[in-house]
Amino acid sequence: MKQNSSLFRKKTVDQILKDANSAEGSGLAKILGVRDLVSLGIAAIVGAGIFSTIGVASYNGGPAVSLLFIFTAIACVFTALSYAQFASTVPVSGSAYTYAYVAFGELFAWIIGWSLILEYAVSNMVVAISWSEYFTGMLKGFGIVLPGWLTVNQETASEAFAKLHSAAASEMSIYEKFAAAAYESAPTIGDFHIMLNLPAGLVTLLITALVYIGIRESRTASNIMVVLKIGVVLLVIFAGAFYVKPENWSPFAPNGIKGVMGGVASVFFAFIGFDSISTTAEECKNPQRDMPKAMIYCLVICTVLYVLITLVLTGMVNYSELKVSDPLAFVFEKNGLDFMAGIISVSSVIAITSALLVYQLGQPRIWMTMSRDGLLWKRFSKIHPKYQTPSFATIVTGFVVGIPALFFKMDFFVDLTSVGTFFAFILVCAGVLYLDHTGISAQSKFRVPYLNGKYLVGISLILAIAGLAIYGQEVIAEWAALTFAETIEHKLLTIVFWIVWVTLSILSFQNNFSILPVAGILTNLYLMTELGSSNWLIFAIWLAIGLVIYFSYGYRKSKLA
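Read on for a plain summary of the structure.

## Concerning the side chain of Ser39
- When you line up the elements, Ser39 lands in helix 2 (residues 34-45).
- By relative accessible area, Ser39 is classed as buried at 9%.

## Brief notes about the packing of helix 4 (residues 65-89) against helix 21 (residues 515-529)
- At a minimum axis separation of 8 Å, helix 4 and helix 21 run at an interaxial angle of 135°. As the angle between them shows, helix 4 and helix 21 are arranged oblique. Pair helix 4 / helix 21 crosses with left-handed handedness. On the side of helix 4, the interface is formed by Phe71, Thr72, Ala75, Phe78, Thr79, Leu81 and Ser82, while helix 21 contributes Leu516, Pro517, Ala519, Gly520, Thr523, Asn524, Tyr526 and Leu527.

## Looking at unusual backbone geometry
- Backbone torsion omega between Ser250 and Pro251 reads 0°, so that peptide bond is classified as cis.
- Relative to the elements of secondary structure, Pro251 occurs in the loop between helix 10 (215-241) and helix 11 (256-261).
- A positive phi angle, near 55°, is found at Asn512, a position not held by glycine.
- By the secondary structure assignment, Asn512 is in the loop between helix 20 (484-511) and helix 21.
- On the accessibility criterion, Asn512 (30% relative accessible area) is partly exposed.

## Quick notes on the nonpolar core
- Counting residues in hydrophobic clusters, the biggest one holds 154 residues, and the most contacted among them are Phe69 and Tyr83.
- Of all the elements, helix 6 (residues 106-141) adds the most residues to this core, at 18 residues.
- Counting 10 residues, the second-largest nonpolar core is a separate cluster that includes Val152, Ala160, Ala179 and Ala180.

## Here we look at the packing of aromatic side chains
- Within the structure shown, the criterion is met by 20 aromatic pairs.
- Aromatic pair Phe71 and Tyr526: ring centres 6.4 Å apart, planes at 75°, arrangement edge-to-face. Note that Phe71 is positioned in helix 4 and Tyr526 in helix 21, a separation of 455 residues in sequence.
- With a relative accessible area of 31%, Phe71 lands in the partly exposed category.
- Ring geometry for Phe380 against Phe392: centres 5.1 Å apart, planes inclined by 75°, an arrangement best described as edge-to-face.

So, how was this worked out
- Residues numbered from 1 in each chain as written.
- Predicted model: local features only at pLDDT ≥ 70, side-chain atom pairs only at ≥ 80, totals over all residues.
- Heavy atoms only, no water.
- Helix = DSSP H or I, 4+ residues; strand = E, 2+ residues; numbered from the N terminus.
- Buried < 20%, exposed > 50% of the residue type's maximum accessible area, 1.4 Å probe, protein only.
- Axes fitted to C-alpha atoms, helices over the stretch in contact; angles between N-to-C directions.
- Parallel < 35°, antiparallel > 145°, perpendicular 65-115°, else oblique.
- Left-handed = near helix turned anticlockwise from the far one by under 90°.
- Contact = heavy atoms within 4.5 Å.
- Core = buried A, V, L, I, M, F, W, Y, C linked by side-chain atoms within 4.5 Å.
- Phe/Tyr/Trp six-rings, centres within 6.5 Å; stacked < 30°, edge-to-face > 60°.

Structure follows, in structure tokens:
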């Protein structure tokens with residue numbers, strides 16, 4: 001009974017597989033092969049990140065952002081290998097939530113599941129808002145202009161309007177001037193200006209309807225859109241290469257390492273998605289074989305595309321001009337290729353739709369799995385008898401994503417998405433260390449390649465400290481100038497990073513940990529330190545809400561109780 005009343009009660013692999021195959025949990029159609037999984041992964045990864053946030057990252061870091069894509073991809077490869085091992089061990093729909101249930105127990109599983117809800121929902125809000133910007137741009141190309149108050153959110157418009165009547169008015173971008181005009185022309189109730197992003201809400205509604213109808217229809221739509229999307233990206237790379245001016249690559253890192261790392265949230269957001277295919281494990285024909293292959297293929301393909309496209313973008317125009325919401329179309333327009341810009345705008349709408357589809361597919365399946373375990377209300381695990389999809393969870397997802405997308409701005413969501421995702425990634429990498437340590441890895445059809453980190457983790461720590469002492473004088477001076485309160489506010493995560501590295505060095509020496517999952521933990525944690533403290537505050541509030549739900553419902557209703 002002690003185990004059953006514990007916050008850290010765990011599920012065995014056999015128990016999870018039995019639950020998934022039980023009458024209540026079965027019913028999902030097993031139709032996905034490795035090609036379908038790669039297609040879904042690319043659909044999720046190559047979305048708003050490359051069509052939208054890549055511009056802001058390039059503006060902050062210059063051409064050197066291409067190196068940040070490589071660094072972030074390496075962090076994702078370590079994580080993808082860990083996901084792949086878990087997916088081959090526990091081939092069910094819960095993704096990192098289910099993996100945490102096996103490795104760390106129920107409380108951690110709940111926290112991860114709650115974090116994933118944030119990741120998927122917030123990611124889709126960003127994608128929906130980005131889709132709206134491209135869609136309204138495409139309509140303008142056809143001479144159809146929607147009223148500004150139906151395409152801009154309240155906060156963006158009011159900020160632009162305030163800027164218009166300030167000393168900074170001369171620095172306003174074209175989009176800010178449009179938002180300010182929309183604010184002025186919007187209908188009002190008293191002093192309140194009625195503004196909403198209608199296209200973002202409508203596209204969420206349509207995608208939710210498609211996901212509700214079935215995985216087969218979703219797969220077909222995704223495959224078609226991915227072929228088109230990759231075609232557009234290759235068109236940008238090959239056509240843009242003829243207009244690259246090498247002088248635009250100098251200076252390569254105009255704002256130094258700080259400017260490059262300032263784009264971490266945007267660049268990392270561009271990679272989020274490879275983990276989403278693990279939520280479709282129960283709809284795979286052979287998840288143990290196909291999941292690991294699909295994750296690695298996705299990351300390799302997308303990293304090559306990202307690096308090439310960043311170099312082309314920063315080569316076609318100066319990095320300082322790329323702070324726009326549609327960078328791919330903008331660079332061709334800037335070079336007088338309006339026809340190409342038009343093609344990209346139309347294609348981008350379709351391409352971003354596919355990313356929206358995959359995230360909207362993933363989130364209901366997380367909720368479904370949590371509901372099966374008794375941690376969420378039973379209706380979330382209800383499978384539609386005809387469409388074989390988690391019907392109630394899909395409808396709720398539509399509301400959770402669609403309503404905020406109508407009213408909020410994109411910048412706020414990008415960093416917040418990354419916080420929840422890093423947290424999940426670190427626990428998945430740590431979970432693999434647990435599987436190895438306890439011998440559960442023997443059941444895994446795929447395993448992270450083992451490289452003994454007994455000495456390597458500690459040696460790398462010593463080398464990092466030595467490098468900081470020799471080359472990091474500026475960083476050390478910056479730290480020395482901070483007060484204790486400022487250090488806690490701005491550098492707490494960096495302190496945690498070094499403490500974790502020391503701890504992992506000791507544990508690796510004692511337990512012969514594999515270096516790859518350890519590298520996954522450290523690279524993800526380092527990238528986390530580059531995110532703003534305000535995002536962490538919002539994430540903490542989100543977790544607090546989740547814990548209230550867990551202790552008031554999930555802890556008592558859990559099947560393990």
